[in-house]
2 protein chains.
Amino acid sequence: MSLTSSSSLQVEWITAFTIAAGTAAIAMINLHIQKDNPKIVHAFDMEDLGDKAVYCHCWRSKKFPFCDSSHTKHHKQTGDNVRPLIVKKKET
Amino acid sequence: MSLTSSSSLQVEWITAFTIAAGTAAIAMINLHIQKDNPKIVHAFDMEDLGDKAVYCHCWRSKKFPFCDSSHTKHHKQTGDNVRPLIVKKKET
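Model, not experiment: these values are computed from the prediction.

Caption draft 1: Representation of the nonpolar core. Ranked by internal contacts, the top residues of the largest apolar core, which has 16 residues, are A:Ile29, A:Trp59, A:Phe64, B:Ile29, B:Trp59 and B:Phe64. Excluding its chain neighbours within four sequence positions, the residues that come into contact with A:Trp59 are A:Ile29, A:Asn30, A:Ile33, A:Ile40, A:Phe64, B:His57, B:Val82 and B:Arg83. In this structure, A:Phe44, A:Met46, A:Leu49 and B:Ala53 belong to the second largest nonpolar core, which totals 14 residues.

Caption draft 2: Layout of the UniProt feature "domain: Iron-binding zinc finger CDGSH type" (unreviewed entry) in chain A. In this structure's numbering, the residues bearing the UniProt feature "domain: Iron-binding zinc finger CDGSH type" (unreviewed entry) are residues 39-77 of chain A. In the segment residues 39-77 of chain A, helix accounts for 21% and strand for 26%; the C-alpha atoms at its two ends are 26 Å apart.

Caption draft 3: Spotlight on the pairing of strand β2 (residues 52-55) of chain B. Residues and elements named next belong to chain B. Of the two faces of β2, only one is covered, namely that formed by Ala53 and Tyr55; the face formed by Lys52 and Val54 stays uncovered. Strand direction decides the pairing type here: β2 and strand β3 (residues 82-88), joined by 4 bridges, are antiparallel. Residue pairing for β3: Tyr55 is matched across the bridge by Leu85.

Caption draft 4: Spatial organisation of unusual backbone geometry. All names here are of chain A. Cis geometry is adopted by the peptide bond preceding Pro65, which originates at Phe64 and carries an omega value of 10°. Among the secondary structure elements, Pro65 is positioned in the loop between β2 (52-55) and α2 (70-78). The phi angle at Gln34 is positive, at roughly 45°, despite the residue not being glycine. Here Gln34 shows up in the loop between α1 (3-25) and β1 (40-45). Judged by relative accessible area, Gln34 falls into the partly exposed class, the value being 33%.

Caption draft 5: A look at the interface of chain B and chain A. Listed as interface residues are 54 residues of chain B and, on the opposing side, 55 residues of chain A. Regarding the contact of chain B and chain A, the summed buried area is about 4,800 Å², with carbon and sulfur atoms giving 62% of it. The largest share of the area that chain B buries against chain A comes from B:Ile29, B:Met46 and B:Asn81, three residues that together contribute 16% of it. Where chain B packs against chain A, one counts 4 salt bridges. Between A:Asp48 and B:Lys90 there is a salt bridge whose closest N-O contact spans 2.6 Å. In this structure, the connection of chain B to chain A is made through 34 residue pairs in polar contact (both at pLDDT 80 or more). For the side of chain B that touches chain A, the leading source of residues is helix α1 (residues 3-25) of chain B, giving 9 residues. Classifying every residue of the side of chain B that touches chain A gives 29 nonpolar, 12 polar and 13 charged.

Caption draft 6: Structural view of the sheet that holds strand β1 (residues 40-45) of chain B. Here we have 3 strands laid out as an open sheet, ordered β2(A)-β3(A)-β1(B), and mixed in their pairing. For this open sheet the edge positions go to β2 of chain A together with β1 of chain B, each flanked by a neighbour on one side alone. The mean angle between the axes of side-by-side strands here comes to 15°, regardless of whether they run parallel or antiparallel. Inspection of the sheet shows strand β3 (residues 82-88) of chain A paired to β1(B) by 5 bridges, in the parallel sense. Residue A:Leu85 lies in a different strand from β1(B), and its bridge partner there is B:His42.

Caption draft 7: Fine view of the side chain of A:His42. Relative to the helices and strands, A:His42 is located in strand β1. The residues contacting A:His42, other than those within four sequence positions of it, are A:Gln34, A:Phe64, A:Pro65, B:Pro84, B:Leu85 and B:Ile86.

Caption draft 8: Expanded view of the environment of A:Thr78. Looking at where A:Thr78 falls in the secondary structure, it is placed in helix α2. Residue class for A:Thr78 comes out buried when judged on its relative accessible area of 15%. The contacts of A:Thr78, once residues within four sequence positions are left out, are B:Ile26, B:Ala27 and B:Met28. Among the polar contacts listed, one links the side chain of A:Thr78 to the backbone oxygen of A:His74, at a separation of 2.7 Å.

About the thresholds
Residues numbered from 1 in each chain as written. Chains lettered and ligands numbered in written order. Predicted model: local features only at pLDDT ≥ 70, side-chain atom pairs only at ≥ 80, totals over all residues. Heavy atoms only, no water. Core = buried A, V, L, I, M, F, W, Y, C linked by side-chain atoms within 4.5 Å. Buried < 20%, exposed > 50% of the residue type's maximum accessible area, 1.4 Å probe, protein only. Contact = heavy atoms within 4.5 Å. UniProt positions renumbered as here; feature names shortened; annotations may be inferred. Helix = DSSP H or I, 4+ residues; strand = E, 2+ residues; numbered from the N terminus. Pairing = 2+ DSSP bridges. Buried area = accessible area lost by both parts, 1.4 Å probe. Salt bridge = Lys/Arg side-chain N within 4 Å of Asp/Glu carboxyl O. Polar contact = N/O pair within 3.5 Å; in protein donor to acceptor, adjacent residues only side chain to side chain. Nonpolar A, V, L, I, M, F, W, Y, C, P; charged D, E, K, R; others polar. Axes fitted to C-alpha atoms, helices over the stretch in contact; angles between N-to-C directions.

Structure representation (structure tokens):
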């Protein structure tokens, strides 16, 4: 492989990875949930939550807005450290 | 530009965008928050929340885990539909 074609190959891969890194930086968080809904806001009344509610924070749960441990698979795929949000009654 | 060089250019861009799309599909959600923390879990006692708590769901808030409306900028950048999670006392 001549110098010019290997350096142009290098440029191609640098371009590709720059795009990839840039894309990762401005990528969507929600890839599958209610994509036809322009704004996904959830509101809960504390009185309705029972002793504890575990909310999904990784946007991969099949039971969204509740956690179904999909963050484990997301962590394996990406190394991400997102885990659920827990709202609970004080232990008495 | 000869046929071969334009088609190879095309291949390069297809490769770049495939990588970019693939990257977006497996991109991290949390880009900046507590990156030295292997698992970001938050737990709150309802009794401590006052009348309402608005939790960040886009992982861009400077007041994480609470919402600071950073989802608006994230929406403009990506078109994403993620918005906050609200836990509140029933209106009396």
